[in-house]
Amino acid sequence: MELLVTYDVDTTTPAGRRRLRQVAKICESYGIRVQKSVFEIVCTDADWITMRHRLLDIISTEHDSIRIYTLHRGTLDTAQHLGHSPPAPHHDPLIY
């Protein structure tokens, strides 16, 4: 499964800044950061369910927004990159 995850977390409070760091850490554990609040993720259906629950446990549904786009397999490999944006190594291990 390929996902594009974007988020906007309200950081006007210390709690919001903490949520932002937690959301980023969860996304980093499943995929690759391609922009400040954008991740490309290749995962299994089970990983997606777990990640979704972890994110829902953290965010404030009144103040924060996470958008997840499910992509067709192979879409991330065909992404066009303009400017300083090297292709993400989706098939390399996330932990070295």
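Residues numbered from 1 in each chain as written. Predicted model: local features only at pLDDT ≥ 70, side-chain atom pairs only at ≥ 80, totals over all residues. Heavy atoms only, no water.

Per an unreviewed UniProt entry, the protein is named CRISPR-associated endoribonuclease Cas2, and its organism is Saccharopolyspora hirsuta. You can read under Sequence similarities (unreviewed entry) in the UniProt record for the protein the words "Belongs to the CRISPR-associated endoribonuclease Cas2 protein family." Of the protein, the UniProt comment under Cofactor (unreviewed entry) reads exactly: "Mg(2+)". (UniProt positions renumbered as here; feature names shortened; annotations may be inferred.)

Okay, the nonpolar core next. One finds L3, V5, Y7, V23, I41, M51 and I66 to be the most contacted residues of the largest nonpolar core, which totals 17 residues. Counting only elements with at least two residues in this core, the list comes to β1 (2-8), α1 (14-30), β3 (38-42) and α2 (45-58). With five residues, the single largest contributor to this core is α1. Setting aside its immediate chain neighbours within four residues, I66 contacts V5, T6, Y7, V23, L55 and I59. (Core = buried A, V, L, I, M, F, W, Y, C linked by side-chain atoms within 4.5 Å. Buried < 20%, exposed > 50% of the residue type's maximum accessible area, 1.4 Å probe, protein only. Helix = DSSP H or I, 4+ residues; strand = E, 2+ residues; numbered from the N terminus. Contact = heavy atoms within 4.5 Å.)

So, about the pairing of strand β2 (residues 31-35). The pairing of β2 with β3 spans four bridges and is classified as antiparallel. Paired with G31 across the strands is I41, a residue of β3. In sequence, β2 turns back onto β3 through a hairpin of two residues. (Pairing = 2+ DSSP bridges.)

Next up on the list: the packing of aromatic side chains. One pass over the full model with this rule turns up one aromatic pair. Both rings, one in Y7 and one in F39, keep their centres 6.2 Å apart while their planes meet at 25°; by these two values the pair is stacked. Taken together, the residues Y7 in strand β1 and F39 in strand β3 connect sequence positions 32 residues apart. Like F39, Y7 is buried. (Phe/Tyr/Trp six-rings, centres within 6.5 Å; stacked < 30°, edge-to-face > 60°.)

This part covers the side chain of R19. Looking at where R19 falls in the secondary structure, it is placed in helix α1. Overall, the relative accessible area of 13% leaves R19 in the buried class. Those residues in contact with R19, other than ones at most four positions away along the chain, are V9, D10, I58, I59, S60, H63 and D64.

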